[in-house]
Amino acid sequence: MSGAAEVAVPFTPSAMAGRQKWVLVVSLGLVFFVLFALFAAILGVLLPNQIQDIDPAGKTATLGIVFAITSVFSTTTTPVSGALSDRTRSRFGRRTPWIIWGSLIGGVATILIPHGGNIVGITAFWLLATVGLNSMLPPITTVVADRFPPNERGTVSGVVGATMTAGLSAGTIFGGLLAVHMFLAYAILGVGVMLACASFVILNPEPPLPADFPAPPPFKLGAFLRGFWVSPRQHPDFAWAFFGRFSIYMGYQGILTYLLYILEDHIGLSQADANAMIARMSSVTLVALVVSSLMSGWLADRLGRLKPLVFIAGILMAMAVVAPLASPNIPGMFGYAVLIGIGYGAFMSVDLALMTRVLPARAEGEEATGKDLGILTTAINIPQILSPAMAAALLSATSNNYPLLFCLAAVFVVVGACFVLPIRSVR
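What counts and what doesn't
Residues numbered from 1 in each chain as written. Predicted model: local features only at pLDDT ≥ 70, side-chain atom pairs only at ≥ 80, totals over all residues. Heavy atoms only, no water. Core = buried A, V, L, I, M, F, W, Y, C linked by side-chain atoms within 4.5 Å. Buried < 20%, exposed > 50% of the residue type's maximum accessible area, 1.4 Å probe, protein only. Helix = DSSP H or I, 4+ residues; strand = E, 2+ residues; numbered from the N terminus. Contact = heavy atoms within 4.5 Å. pLDDT = per-residue confidence, 0-100. Expected span 1.5 Å × (residues − 1). Arc of directions from axis to C-beta. Polar contact = N/O pair within 3.5 Å; in protein donor to acceptor, adjacent residues only side chain to side chain. 1 Å grid on protein atoms, 1.4 Å probe; cavity = no way out; pocket = protein on both sides within 12 Å on 5 of 7 lines; lining within 4 Å. Points joined across faces, edges and corners; volume = space filled by probe spheres on them. Nonpolar A, V, L, I, M, F, W, Y, C, P; charged D, E, K, R; others polar.

Enquirer: For the nonpolar core, give the residues involved together with the corresponding values.
Expert: One finds Tyr 336 and Tyr 344 to be the most contacted residues of the largest nonpolar core, which totals 114 residues. Broken down by element, the residue count for this core peaks at 18 residues, all from helix α1 (residues 18-54). Those residues in contact with Tyr 336, other than ones at most four positions away along the chain, are Ile 255, Leu 259, Met 281, Ala 320, Val 321, Ala 323 and Pro 324.

Take a look at the structure:
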C-alpha cells in the first residue's frame, strides 16, 4: 500500500485560496462543532438524566441497552449513506442532499426526544435522530477528501478536530447547565444542527463533477454489499487504522457514557451536584481540547508525521481514564478533565488526516471515498454499541466496581494507540 496517492477522489481538488478556502474550513468546523455538541449533550448528560429519572434503580443497565439499540442502526447507516452518496447524482452535487435531509430528519427527531414520555418513546425518537444525523456524517466528512489536496488535510483536520473536541466539551457544559430544562435543551440542539448544515451548503455550494466523469454502474444489491468488505490482507494499513480507532473509542466511550454515574456512585455527588460538576469539568477540558487540537494539526503538517502524534495522544488518554482510579475525588476528576482534553484533542486533530491517507486503492473510475470513510466511521459507532453494553455488564456483575472499568478502558486505549504503529503508508 502506498500513502496519500491511493486516496480515491473523483478528481483532483481544485486549488482554493483566501476567502473561499477559509469560508469552507470555518463553516465545516461549525457543522462538526454543533453536531458533536449535540452528541455530547445527549449521550453524556441529557439521556442519562432522563433514564435515571424514569428508572433510578436500573439506570446503568437501561442506559447501556438504549445506547446499544440506537447504535446498531447508526453503525449500519454510516457506511451505507457514504456509499450511496458516492453514487448520488443531482444538480446540487453528491454530498449536499444527504447533508440537508440527514440534518432535517435528525434535527426534528432531536426536538421530539423529551416528548417520548417513557423509555420506549425516548429510544424511538433518539433512534430516528441517530439515523438521520449519521446519514449525513460520512458525506460531510468526505468533504475533506473531496475538496482539499493531501498536503492541506493535516491543517484542515486540525481545525475540524479542534471544533469536534470543542463541541464535545461545549455540549457537555450545555447539557449540565440545562439538564433541568430538557425541552429547551433538545430544541436548541435540534434547531442548531439544522441551521448549521443549511448554512454550510448555502455558503459552500458543491462543485459539479467533470462532464466526462463516469456514471455509477447499475445498482446490484449483491455487489453493493460485497463492496463493504475491505480485505485486511490486501489493505493492511486500512485494517490497522480501523482497529486502532475502534479500540481507542472502546476505552474512551466506556468512561464518557457513564460520567454522570461515575460522579454520583464513585465520587459520591448528588445528581444535581454531578450535573454542575460535569459543566465545570468540561469547561477545563474545552481549553485543553482546543489548544491541543490546533497545536497537533499544525505539528502534523509541519513535521509531516501523524503516527507519533496518534500514539502519544492515546497514552495521554489512557492516563486520563485512570486518574479517577488513582484519586477517587474531585481533584482526580479534574485531572481526568485536563488529560482527556489534551489527549483526545490531539487524537481528533490528526485522526481524520490519517484516515484519508489509508483508504484502499480503487479501480480507475471507481469512486468509493464516501463508502470507505463510512466504513471507518463504524469504528466509532460500533464502540457506541459494545462499550456501554460491556460497561453495564461489568458494573452490574461487580456491584458498580468503577476502578475495574477505569483499568479496562485504559487497556483498550493503549492497545488502540499501538495499532497505528504498523501502518506503513503514513509516517
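So much for the structure itself; the text now carries on.
Enquirer: Could you give an account of the confidence of the model for the chain, naming the residues involved and the relevant values?
Expert: Mean pLDDT over the chain stands at 81; residues scoring 70 or higher make up 85%. When pLDDT is averaged over each element of the chain, helix α6 (residues 182-203) comes out on top at 94 and helix α7 (residues 221-226) at the bottom at 62. The model gives residues 1-15 a pLDDT under 50, and that stretch makes 44 contacts with residues more than four places away or in other chains.

Enquirer: Tell me about helix α14 (residues 402-419), and name the residues and values.
Expert: With 18 residues, α14 extends 26 Å from end C-alpha to end C-alpha; this agrees with the ideal 26 Å at 1.5 Å per step. Taken together, the buried positions of α14 are occupied by Tyr 402, Leu 405, Phe 406, Ala 409, Ala 410, Val 413, Gly 416 and Ala 417. All buried residues of α14 project into a common sector of 135° when viewed along the axis, lining one side. Looking at where α14 begins, the residue whose side-chain oxygen comes 3.2 Å from the main-chain nitrogen of Leu 404 is Asn 401.

Enquirer: Describe empty space enclosed by the protein, and please don't skip the residues or the numbers.
Expert: Enumeration over the complete set of coordinates arrives at 4 cavities of 30 Å³ or more. Of the voids in this model, the largest cavity is the one considered here, and its volume is about 450 Å³. Lining the largest cavity are 32 residues; nearest its centre among them are Phe 36, Phe 39, Leu 137, Ile 380 and Gln 384. Among the elements of the structure, α1, α2 (59-87), α4 (119-147), α5 (153-177), α8 (236-257), α12 (330-356) and α13 (369-397) are those that each provide at least two residues to the lining of the largest cavity. Per-element tally for the lining of the largest cavity: the top contributor is α13, with 6 residues. In terms of residue class, the lining of the largest cavity is built from 20 nonpolar, 10 polar and 2 charged. A volume near 180 Å³ is recorded for the second largest cavity. Around the second largest cavity, the lining is made up of 15 residues, and of these Thr 172, Tyr 252, Leu 256, Thr 285 and Ile 340 lie nearest the centre. Elements supplying a minimum of two residues to the lining of the second largest cavity: α5, α8, α10 (271-303) and α12. Class assignment of the residues belonging to the lining of the second largest cavity gives a composition of 10 nonpolar, 5 polar and no charged.

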